[in-house]
Amino acid sequence: MVILWPTEDEESWIVSHRTAGGHAQPDFDPSVNASSPGRWSLVPSLTSLSTAKDYTIVTLIRTLRLPANQAIYPSSRTKYANLARAPGQRIIYAASSQRPPFDKESSTGLQMHDSKMHGSIKMDLSQSFIKNQTATLGGGDTETDIINQVEDSDVSWGGWTKVS
Amino acid sequence: MPSLNLLLSFALVPLLAHPVFTQSISSTTLAQHLLPASNATNLSSILGEQVDLNPFSLILLANETHVQATFNVSQPYDEVGWIAMVR
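Residues numbered from 1 in each chain as written. Chains lettered and ligands numbered in written order. Predicted model: local features only at pLDDT ≥ 70, side-chain atom pairs only at ≥ 80, totals over all residues.

Turning to the overall build of chain A, a few remarks are in order. When you go through chain A residue by residue, the secondary structure sums to one helix and 11 strands. Across chain A, helices and strands are ordered from the amino to the carboxyl terminus as β-β-β-β-β-α-β-β-β-β-β-β. Burial analysis of chain A (164 residues in total) assigns 24% to the buried set. Sequence separation of 24 or more characterises 51% of the internal contacts of chain A that already satisfy a separation of 6 or more. (Helix = DSSP H or I, 4+ residues; strand = E, 2+ residues; numbered from the N terminus. Buried ≥ 20, exposed ≤ 12 C-beta atoms within 10 Å, placed from the backbone. Contact = placed C-beta atoms within 7 Å.)

What follows is the structure, encoded as structure tokens:
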């Protein structure tokens, strides 16, 4: 699993890869580092750091299928960690309002997730989307691009449409 | 009137109809980042879905080789504790 939390200095996020055998605090593997194959990597350009907004965004990227030489996940569980562009991609999630006590990947002392803030979902990664060239913006469409801090009103990109 | 808000949001943002999402980052911006990660040359190669898990939503987008996960939290940065995802 991967656990994320914003740093106290508001300059980055901690991305901590861990494993757990049950209902216990997940353990950090000290052999995992920034260059470990198969790890989730932070996407800084799609991650917010400021407290000036009333929302927060954090984005990670990873290969769909884990490389053969990955050592982040136990080999016996690798098949569960792979993702595919297909329906039924199972994700287990949890969150807490209490930040870990240390800004390092190996931090211990994580508080348990908040009440009701955990669960399992299935996501459909077979859903196709196409760029809608003819989309017209207006009428209150005010998507905001946090990267450029401007409204995303570029008509050449238009909107997106789900392919049914 | 929550139901009306939802309806309006869906009408304005066909892909990811979530009020918080529309206030924070555009779907186009999310997708454009993913394109260089493979040989994909257009947005039609990107697949994905969003789910709402109050207080955050999770957006997964995938191209041929990579998956991008975005957590969109309806709380300011300094109120976020930790978020975990098993994958």
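This part covers the overall build of chain B. Counting its regular elements, chain B contains three helices and four strands. Listing the helices and strands of chain B from first to last along the sequence gives α-α-α-β-β-β-β. Expressed as a percentage of its 87 residues, the buried residues of chain B come to 48%. A sequence separation of at least 24 residues applies to 38% of the contacts in chain B between residues at least 6 apart.

Right, let's talk about the nonpolar core for a bit. If you look at the biggest cluster of nonpolar residues, it comprises 35 residues, and the most contacted ones within it are A:L4, B:L60, B:L61, B:A62 and B:W82. Listed by contribution, the elements that provide at least two residues to this core are β1 (2-6), β5 (56-63) and β6 (89-96) of chain A together with α3 (27-34), β1 (47-53), β2 (56-62), β3 (66-73) and β4 (82-86) of chain B. The element contributing the most residues to this core is β2(B), with five residues. (Core = buried A, V, L, I, M, F, W, Y, C linked by C-beta atoms within 7 Å.)

Residue B:P55 follows B:N54 across a cis peptide bond; omega there is 15°. A positive phi angle, near 65°, is found at A:E10, a position not held by glycine. Its location among the elements puts A:E10 in the loop between β1 and β2 (13-19). Residue A:E10 is classed as exposed on the basis of its 12 C-beta neighbours within 10 Å.

We now examine the confidence of the model for chain B. Residue and element names in this part refer to chain B. Across chain B, pLDDT averages 69, with 62% of residues at or above 70. Ranking the elements of chain B by mean pLDDT puts helix α1 (residues 2-12) last, at 33, and β4 first, at 93. Of the regions scoring below 50 in pLDDT, residues 1-23 engages in 34 contacts with residues more than four places distant in sequence or in other chains. Predicted as a complex, the structure gets a pTM of 0.76 and an ipTM equal to 0.78. (pLDDT = per-residue confidence, 0-100.)

Residues and elements named next belong to chain B. Of all seven residues that make up β1, five are buried, and the element is covered over most of its length. As paired strands, β1 and β2 are joined by seven bridges and run antiparallel to one another. Paired with L53 across the strands is F56, a residue of β2. Counting the residues between successive antiparallel strands, the hairpin from β1 to β2 contains two residues. (Pairing = 2+ DSSP bridges.)

Pairing is antiparallel in the open sheet, where six strands are placed in the order β3(A)-β2(A)-β1(A)-β4(B)-β6(A)-β7(A). Each having just a single partner strand, β3 (27-28) and β7 (118-123) of chain A make up the two edges of the open sheet. Where β6(A) lies against β4(B), five bridges are found, and the strand directions are antiparallel. Within the sheet, the bridge partner assigned to A:S96 lies in β4(B) and is B:W82.

This part takes up α3(B). Looking at α3(B), one finds that the buried residues are B:S27, B:L30, B:A31 and B:L34. Projected down its long axis, α3(B) carries its buried residues within an arc of 95°, all on one side. (Arc of directions from axis to C-beta.)

On the basis of which strands lie adjacent, the open sheet formed by five strands has the order β4(A)-β5(A)-β3(B)-β2(B)-β1(B) and antiparallel pairing. Looking along the sheet, the strands with just one partner apiece sit at the ends: β4 (41-42) of chain A together with β1 of chain B. The sheet strands contacting α3(B) are β2 and β3 of chain B, and the helix crosses β3(B) at an angle near 150°. (Axes fitted to C-alpha atoms, helices over the stretch in contact; angles between N-to-C directions.)

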